[in-house]
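# Summary of structural features
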Amino acid sequence: MSLSTRRRRATPSDIPSSSSQPSKPGSYSKVDKPERSSSSDSGEESGNDRGLGWFTVLFALGMLRYMSATSNIMRHCDEVFNYWEPLHYLLYKSGFQTWEYSSEFALRSYLYIIFHELVGRPASSLFADEKVRVFYAVRLFLGLLSVVSDATLVVAVSKKYGKRLASYALAMLCLASGCFFASTSFLPGSFSMYAMSLSSGLFLLEKPAWAVAVAAVGVILGWPFSILALSILVDFYYYKRWTSSVFNLLVYNVLGGGESHLYGTEGPLFYIRNGFNNFNFCFILSLLFMGILPIARKKYAPHLLIVISPLYIWLAFMSLQSHKEERFLYPIYPLVCVAASAVIESFPDLFRDKYNPYDNSIIDMIAKILRPVALSLILCASHARTFSLINGSAAPLEVYKILEHHVDAGTVIDLQYELQLQDLQACTFLVELQLNRPYPYRGNDLSTWEPIAALPYLDRELSPAKYRSFFIPYLWQQKNVFGMYKLLKRVSKSK
């Protein structure tokens, strides 16, 4: 006769700990199972939990932002006339004034300019009349702000989601063409971009109070649409009347009180095309982040979803405006890199069996190989875009560097846009862009002007978009059309 016995279900207290009693050989339980990283890649990175260190991130970003500060071009006329010229006026009491800074319209606030005067003023005192050095001092300051903010974001991503995702984000923040140029541009959108990176990083580091404070500073100085009191006081000091440049700008550009459409209107897909130019496949992958979220919800929701959500909100809002410019998307550039990195990091998750997340099938291995392939393709295309823009449009800055060595910096006349306002006979130097057009050029009169420097300048109108947008060896030189950007000096008349 067999006896049946009832067994009590084992409780956690009955399970011997590894420190008190060793497990029997051959036995295995859930408590003996080694912990796996949240990336769910079987033993792929033993050091993944360590994350990226501050030194590595700061060094990589510092090198690339220094290169940006010293080689960045002027891509937007607003940067020259609405920001560098007013700063020049604050520092040297001379400079051109656009209609937007006139007392009648008062669309621009000096609050953002004053912040940069804090760097420009000491630099102008240190370098005296060497204005080119002052120019680069301000640019290096902008690069430093970008380094600190982006480094905080990368380190935060590393601590929260692992070394691999952070490494992808770091590579894109360093080399993506959009980030390379926006990081040292003297534009409010760039300042908001710094605030976006720093605020997002602080949020992931679980410092919400600091994240909100940084976001507020970015809004006040970069896009001053929240706290108006300080902006109104600054406007009163410079415009000599009570007005609000914030309200005036909103009425003119958003509420339809002005004629911003005179500066061009674009269709709803403008930012998609522009995003591809500046981020290539990185931009496309960033838009797919919401698509992979149901599969990677356990990894990325809710924190990373909260961080990346402004990408979609901002893109939708700006796409609804008829007047569109590339710089309007600057604030979300870091989020594009993080979102794309999250998608690339999740490639294997798209093919894994949800009931067997540690599967190492052939498809899973191929998906892991696609990670570096996709990243390499993005970085190569980014370099091709950056190389094309710098080599095709860097002539103006290079010419003015040469001009500095020929005349006193204090007597330089920017003839490129002052020809209609100056007596040409009183000018010793002439800067002229000569394109393949049936127009007379003053520099062709060799009896009056002698060339000092002539640099190639990409003719955008005559160059095919598919060849001018990205640098393709041999084809870029052969298929594009170039003009000459010349610095000329008046021939001395013999007495």
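Quick notes on the rules
Position numbers for residues count from 1 along each chain, tracking the sequence in the order it is written. Per-residue local features are limited, in this predicted model, to residues with pLDDT of at least 70; the limit for side-chain atom pairs, both in listing and counting, is 80 or more; totals at the level of whole chains, interfaces and linings are taken over all residues. Working from all heavy atoms in the structure, the side-chain values ignore hydrogens and water. When a carboxyl oxygen of Asp or Glu lies within 4 Å of a side-chain nitrogen of Lys or Arg, that pair is called a salt bridge. In this description a helix means any DSSP run of H or I spanning at least four residues, a strand means any run of E spanning at least two, and both kinds are numbered starting from the N terminus. Only protein chains enter the accessibility calculation, which uses a 1.4 Å probe; a residue is then buried when its area is under 20% of its type maximum, exposed when over 50%, and partly exposed in between. At least two bridges found by DSSP between two strands is the condition for calling them paired. The span expected for a helix works out to 1.5 Å for each residue beyond the first. Take the seven residues that end at a residue and the seven that start at it, fit an axis to each, and the angle between those axes is the bend at that residue. Note on contacts: a residue pair is in contact if any heavy atoms of the two residues lie within 4.5 Å. Note on geometry: axes are lines fitted to C-alpha atoms, helical ones only across the stretch in contact, with angles between N-to-C directions running from 0 to 180 degrees. Pairing of aromatic side chains here covers Phe, Tyr and the six-membered ring of Trp, requires ring centres within 6.5 Å, and sorts the geometry by plane angle: under 30 degrees stacked, over 60 edge-to-face, intermediate tilted. Both a distance and an angle decide whether a charge sits over a ring: NZ of Lys or CZ of Arg must be within 6 Å of the ring centre and within 35 degrees of the ring normal. Along the arc lie the directions from the helix axis toward the C-beta atoms. Any N or O atom pair separated by 3.5 Å or less is treated as a polar contact, with the protein-specific requirement of one donor-capable and one acceptor-capable atom, and with residues adjacent in sequence counted only for side-chain atom pairs.

### Quick notes on the pattern of salt bridges
- Taken as a whole and assessed by the stated rule, the structure comprises 16 salt bridges.
- Taking the shortest distance from any N to any O, the salt bridge between Lys401 and Glu398 comes out at 3.4 Å. Of this pair, Lys401 and Glu398 are both found in helix α17 (residues 395-404), three residues apart, which corresponds to roughly one turn of the helix.
- A relative accessible area of 24% means that Lys401 is categorised as partly exposed.
- For Glu398, a relative accessible area of 34% gives the class partly exposed.
- Note that Arg437 is salt-bridged to Asp459, the shortest N-O span being 2.7 Å. Taken together, the positions of Arg437 in the loop between β1 (429-434) and β2 (449-458) and Asp459 in the loop between β2 and α18 (465-468) put the pair 22 residues apart, joining distant regions of the chain. Across this residue pair, the class does not change: Arg437 and Asp459 are buried.
- Salt bridges sharing common partners tie together Asp78, Glu100, Arg108, Glu325 and Arg327.

### Points about the pairing of strand β3 (residues 482-490)
- Pairing between β1 and β3: six bridges, direction antiparallel. By the bridge assignment for β3, Gln434 is matched with Met484.
- The pairing of β2 with β3 spans nine bridges and is classified as antiparallel. Residue pairing in the sheet places Trp449 in a bridge with Arg490 of β3.

### With respect to helix α14 (residues 303-320)
- Taking 1.5 Å of rise per residue, the 18 residues of α14 would be expected to cover 26 Å, and the 27 Å separating its terminal C-alpha atoms lies within 8% of that figure.
- A maximum bend of about 25° is found in α14 at Ser309, where proline Pro310 lies one to four positions downstream.
- Packing partners of the buried residues in α14 comprise α4 (131-161), α7 (188-204), α11 (270-279), α12 (281-287), α13 (289-300) and α15 (333-345).

### Concerning the sheet that holds β1
- Ordered in space as β1-β3-β2, the three strands form an open sheet in which the pairing is antiparallel. The sheet is open, and its two borders are formed by β1 and β2, each paired with just one other strand. Across the sheet, the mean angle separating the axes of adjacent strands is 20° when strand polarity is ignored.

### Structural notes on the packing of aromatic side chains
- In total, this model carries 24 aromatic pairs according to the counting rule given.
- Taking 6.0 Å as the distance between ring centres and 50° as the angle between the ring planes, the aromatic pair formed by Tyr83 and Phe186 counts as tilted. Note that Tyr83 is positioned in helix α2 (residues 77-92) and Phe186 in the loop between α6 (177-182) and α7, a separation of 103 residues in sequence.
- Aromatic side chains Trp476 and Phe482 sit 5.3 Å apart centroid to centroid with 65° between the ring planes, which places their arrangement in the edge-to-face category.
- Its relative accessible area of 29% is what places Phe482 among the partly exposed residues.
- A network of ring pairs unites the aromatic residues Tyr83, Trp84, Tyr112, Phe115, Phe135, Tyr136, Phe141, Phe186, Phe191 and Tyr194 as a single cluster.
- The ring of Phe181 has Arg75 sitting right over it, with the charged end atom 5.0 Å from the ring centre.
- In this arrangement the basic side chain of Lys93 is found over the ring face of Tyr89, its NZ or CZ atom lying 5.9 Å from the centre.

### Section: helix α1 (residues 54-71)
- Compared with an ideal rise of 1.5 Å per residue, which puts 18 residues at 26 Å, α1 spans 25 Å between its outermost C-alpha atoms and is within 8% of the ideal.
- The set of residues buried in α1 consists of Val57, Leu61, Leu64, Arg65, Ser68 and Ala69. Buried positions in α1, seen along its axis, are confined to an arc of 145° and lie on one side of it. Among the exposed residues of α1, those oriented more than 90 degrees off its buried face are Phe55, Phe59 and Tyr66.
- In this structure, the buried residues of α1 make contact with α4, α5 (163-175) and α6.

### Quick look at the side chain of Arg327
- Along the chain, Arg327 turns up in the loop between α14 and α15.
- At 2.7 Å, the side chain of Arg327 forms a polar contact with the side chain of Glu325.
- Not counting residues up to four positions away in its chain, the partners in contact with Arg327 are His76, Asp78, Arg108, Leu187 and Gly189.

### Details of unusual backbone geometry
- The omega torsion of the bond from Ala301 to Pro302 falls at 0°, within 30 degrees of zero and hence cis.
- In this fold, Pro302 is placed in the loop between α13 and α14.
- The phi angle at Lys93 is positive, at roughly 60°, despite the residue not being glycine.
- Position of Lys93 among the secondary structure elements: in the loop between α2 and α3 (111-127).

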